[in-house]
Amino acid sequence: QRLKAAVHYTVGCLVQEVAEDKEMQFSKQTIAAISEITFRQCGVSLILCRHAKRSTVTAEDVKLLARRSNSLLKYINQKSEELASSNMEQKEKKKKKSSAAKGGRTSGEQEAAVTESEDSNMA
C-alpha cells in the first residue's frame, strides 16, 4: 500500500507539472487512473525481471513496455541517453579527481614516470 501511495504521489506531482506547462487541469479521477495504470505496469516490469532471472528493472525493461507508443518510447530513449551521458561525465570527473589525488599526475605523466624509472633500472 505504501508503494502504491508513493506512485500515486509521484504521478500527482508529474501531472501537476504537465498541467502547469500545458495550462490544463486534470481531475482527481484522471490522476488516480494514471496512477493505477502506472502501478500495474510496474508489476508487469517486475514479472519481466523475474522471467529473465534478474532482480533489477533495467531501462531496457521499461523500453520493452513502452514499445507500443512511439512517442513514449522516443521520450524514454531520449531520457535514457541523457542519463547515460550524464553518468559518463560524472565518471570522467571522478577519474580526474582520483588521478590528481594520487600524485597530481595525469595518466600520460604517470606512464612517462614509469618509463623513466624502468630506464634507470636497466642502466
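Here the residue numbering is sequential within each chain, running from 1 through the sequence in written order. Since the coordinates come from a predicted model, pLDDT governs what is reported: local features require at least 70, and pairs of side-chain atoms require 80 or more to be given and counted, while whole-chain, interface and lining totals use all residues. Each side-chain value is worked out from all heavy atoms of the structure, with water and hydrogens disregarded.

Some remarks on the packing of helix α1 (residues 2–22) against helix α2 (residues 28–51)
- Taken N-terminus to C-terminus, the directions of α1 and α2 make an angle of 125°; their axes are 9 Å apart at the nearest point. On the basis of the axis angle, α1 is oblique to α2. The way α1 lies across α2 gives a crossing that is right-handed. Contacts from Leu3, Lys4, Val7, His8, Val11, Gly12 and Val15 of α1 reach α2 at Ile31, Ala32, Ile34, Ser35, Glu36, Thr38 and Phe39.
- Class assignment for the residues of the contact of α1 with α2 results in 8 nonpolar, 4 polar and 2 charged. To define axes, lines are fitted to C-alpha atoms, for helices over the stretch in contact only, and angles between the resulting N-to-C directions are given on a 0 to 180 degree scale. Runs of E in the DSSP output that reach at least two residues are strands. Runs of H or I that reach at least four are helices, and both are numbered from the N terminus. These descriptions rest on fixed angle ranges, namely under 35 degrees for roughly parallel, over 145 for roughly antiparallel, 65 to 115 for roughly perpendicular, and the rest for oblique. Two helices cross in a left-handed way if the nearer one is turned anticlockwise from the farther one by less than a right angle. They cross in a right-handed way if the turn is clockwise. A contact between two residues is defined here by any heavy atoms of the two lying within 4.5 Å. For this scheme, ten residues count as nonpolar: Ala, Val, Leu, Ile, Met, Phe, Trp, Tyr, Cys and Pro. Four count as charged, namely Asp, Glu, Lys and Arg, and the remainder, Gly too, count as polar.

Quick word on unusual backbone geometry
- Positive phi values are uncommon outside glycine, yet glutamate 23 reaches one of about 55°.
- Looking at where glutamate 23 falls in the secondary structure, it is placed in the loop between α1 and α2.
- Summary of the burial criterion: residues with accessible area below 20% of their type's maximum are buried, those above 50% are exposed, and those between are partly exposed, where the area comes from a 1.4 Å probe applied to protein chains only. Glutamate 23 gets classed as exposed once you look at its relative accessible area, which sits at 75%.
- Of note, lysine 53 is a non-glycine position whose phi angle comes to about 60°, a positive value.
- Here lysine 53 lies in the loop between α2 and α3 (59–66).

Quick look at the pattern of salt bridges
- Here a salt bridge means any side-chain nitrogen of Lys or Arg lying within 4 Å of a carboxyl oxygen belonging to Asp or Glu. Per the counting criterion, the structure on display carries 5 salt bridges.
- For glutamate 36, the salt bridge goes to arginine 40, with nearest N and O atoms at 3.1 Å. One end of the pair, glutamate 36, and the other, arginine 40, are both in helix α2, 4 residues apart, so they sit about a helical turn from each other.
- A relative accessible area of 26% means that glutamate 36 is categorised as partly exposed.
- The residue lysine 63 makes a salt bridge to glutamate 60 at a minimum N-O spacing of 3.4 Å. Here the residue lysine 63 and the residue glutamate 60 both occupy positions in helix α3, the gap between them amounting to 3 residues, near one helical turn.
- Using a relative accessible area of 52% as the deciding quantity, one classes glutamate 60 as exposed.
- Residues joined in a network through salt bridges with shared partners are Lys4, Glu36 and Arg40.

Brief notes about the confidence of the model for the chain
- Put simply, the chain has an average pLDDT of 80, and 82% of its residues get 70 or more.
- pLDDT: the predictor's confidence for each residue, scored from 0 to 100. Element-level mean pLDDT values for the chain span from 46 in helix α5 (residues 107–122) up to 91 in α1.
- When the criterion is pLDDT under 50, residues 111–123 qualifies, and its contacts beyond four places in sequence or with other chains add up to 1 contact.

Some points on the environment of threonine 38
- Mapped onto the fold, threonine 38 is located in helix α2.
- The class for threonine 38 is partly exposed, based on a relative accessible area of 29%.

What about the side chain of aspartate 61?
- Turning to its location among the elements, aspartate 61 is positioned in helix α3.
- Residue classification places aspartate 61 among the buried positions, given a relative accessible area of 6%.
- Of note is the side chain of aspartate 61, whose polar atom sits 2.9 Å from the backbone nitrogen of threonine 58.
- Those residues within four positions of aspartate 61 in sequence are excluded, and the remaining contacts are Leu48, Cys49, Arg54 and Thr56. Polar contact criterion, stated in full: a pair of N or O atoms within 3.5 Å, where within protein one must be able to donate a hydrogen and the other to accept it, and residues adjacent in sequence count only if both atoms are side-chain atoms.

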